[in-house]
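Each chain, letter by letter, is given below.
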Amino acid sequence: MKKEEGYSKNMSYQRLESRDNSYQQKQPIQSIIVSAPDKALLITVAFLVIIGFMAIFSASAPKCIEEGGNPAQFLIKQIICFVVGFLGLKFFTNYDYKKLSDWNLIFAGSILLLLLLVDFTPLGVTVNGAKRWINILGFQLQPSEFAKPAVVLLLATVFKKDANLFDQQKWVTAFIPILIMLGFIFVQPNLSMVILLLSTSVVMFLAAGGSLKLFFSCLTLMLTTVIIAATTIIKPYQMQRIRTWKHPELDPQGAGYNIIQSLIAFASGGFSGVGYGGSIQKLSYLPECHTDFIFAIIAEELGWVGCVLVIGLFWTLIHRGFLIAARCPDMFGKLLAVGITFSIGFQAFLNISVASSFFPTTGVPLPFISYGGSSLIVSLCMIGILLNISKKRIKKIRNVENV
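Basis of the calculations
Residues numbered from 1 in each chain as written. Predicted model: local features only at pLDDT ≥ 70, side-chain atom pairs only at ≥ 80, totals over all residues. Heavy atoms only, no water. Helix = DSSP H or I, 4+ residues; strand = E, 2+ residues; numbered from the N terminus. Buried < 20%, exposed > 50% of the residue type's maximum accessible area, 1.4 Å probe, protein only. Areas by Shrake-Rupley, 256 points an atom, 1.4 Å probe, with all protein chains shown as cover. Axes fitted to C-alpha atoms, helices over the stretch in contact; angles between N-to-C directions. Parallel < 35°, antiparallel > 145°, perpendicular 65-115°, else oblique. Left-handed = near helix turned anticlockwise from the far one by under 90°. Contact = heavy atoms within 4.5 Å. Nonpolar A, V, L, I, M, F, W, Y, C, P; charged D, E, K, R; others polar. Salt bridge = Lys/Arg side-chain N within 4 Å of Asp/Glu carboxyl O. Expected span 1.5 Å × (residues − 1).

A separate point is the overall build of the chain. In terms of regular secondary structure, the chain is built from 13 helices and 5 strands. Within the chain, the proportion of its 403 residues that are buried is 43%. Put simply, the chain shows about 21200 Å² of open surface, and 67% of that area lies on carbon and sulfur atoms.

Now the structure itself:
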């Protein structure tokens, strides 16, 4: 009897062990693989850049001819900046993104120095009342554009372990430099870029597992601050933009001119547009039509179809970016992907919203499409980092039980 009992106990242990092995074999096993960069993202960006070249040439050629210059001079400058940006994209695609955190302080310090030179030295260039550019050896750079990847890198580094906002080391290495950047950018003034950087910071905080209770508390405080600023700090021309946005017809030849002309471009385009190169609004009717209001020219020439195409491309970029973040095996890469994707996507949303009068007028360019070398170079470099992250992803392998 004792032998039989021992035999039955051994059999039961063997069955339990076989069940455990069977259960483990049926569970998916995660492994990190290295693959080629995300082709869908690369193709999407290529289409956006090509559309940008076409739109810049069409929108700027009449102005260049009127001034007696080369009709393609803006396009040529944009192509030169594209070459620089493409080299940056190529470099960051092959440079291990995990090593980027080693350059955080140097990069952030360089951006702070450039912003300081823009705001408080004669090197700063003022255009349309805003001092946002710096002239270096005949080339104009917009340092606030370079602040976007700097903020994303700083926050990804300090949030990769936890989203604790009350860590003294995080304040010294990331939060204080970011606040100084925001202060310099606000002085320029460039309120739209401040909003973009703050929104990106909030999204990265939540993506890192930040407290929703703290988020809503800060949101309430921020709204209160905005209301107070609207009556005390915000400058008269900024309040004028808000009033004009609500009722552009009250000043059709002044503050409401740009919005009215932009809406006319949308209305003229209809479903299929007036045809490439056929825009009327670009003939000195719509100022800055090759930069801030380039989406209105696309709407007039390509119509609703062209608008849907551009919006669809940006939607694809956002989808691929967040998918890359979800597949990334480490938190630093996840946060980098989230920050880069949201920064580009939200900037596109702001520009399109302004052109269609959904938001008050701001000076945010449309990524990859609007004329502007700094924006194009920075956007392509950020895409290069995103492509690098897409090369390392989690692959789930399901083992099949041998019968």
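Moving on: the packing of helix 2 (residues 39–66) against helix 13 (residues 373–390). In the contact formed by helix 2 and helix 13, the axes pass within 11 Å of each other and the chain directions differ by 170°. When the axis of helix 2 is compared with that of helix 13, the two are roughly antiparallel. When the axes of helix 2 and helix 13 are compared, the crossing they make is left-handed. Residues Leu41, Leu42, Val45 and Val49 of helix 2 form the contact with helix 13, whose participating residues are Leu380, Ile383, Leu386 and Leu387. When its residues are assigned to classes, the contact of helix 2 with helix 13 shows 8 nonpolar, no polar and no charged.

Evaluation of the coordinates by the stated rule reveals 4 salt bridges. A salt bridge links Lys148 to Glu145; its shortest N-O distance comes to 2.8 Å. On the criterion of helical spacing, the pair formed by Lys148 and Glu145 is a turn pair, its members being 3 residues apart in helix 5 (residues 143–159). The buried category is assigned to Lys148, whose relative accessible area is 2%. Given a relative accessible area of 0%, Glu145 falls into the buried group. Notably, a salt bridge pairs Lys282 with Glu301, separated by 3.2 Å at the nearest N-O pair. Here the residue Lys282 occupies a position in the loop between helix 10 (257–269) and helix 11 (294–327), and Glu301 occupies one in helix 11, the gap between them amounting to 19 residues. The pair Lys282 / Glu301 is uniform in exposure class, with both members buried.

Under the 1.5 Å per step criterion, the end-to-end length of helix 5 is 24 Å for 17 residues, consistent within 8% with the ideal 24 Å. Taken across its 17 residues, helix 5 has 16 buried, putting it largely inside the fold.

Note on placement: Gly372 falls in the loop between helix 12 (331–355) and helix 13. Accessibility expressed as a relative area gives 19% for Gly372, which makes it buried. As a C-alpha pair, Gly372 and Lys77 span 295 residues in sequence and 8.8 Å in three-dimensional space.

What follows covers unusual backbone geometry. The phi torsion of most residues other than glycine is negative, and most of the peptide bonds are trans. With omega at -5°, the peptide bond leading from Gln188 into Pro189 counts as cis. Tracing the chain through its elements places Pro189 in the loop between helix 6 (168–187) and helix 7 (191–207). Here Ser357, not a glycine, exhibits a phi torsion of approximately 65°, which is positive. For Ser357, the location among the structural elements is in the loop between helix 12 and helix 13.

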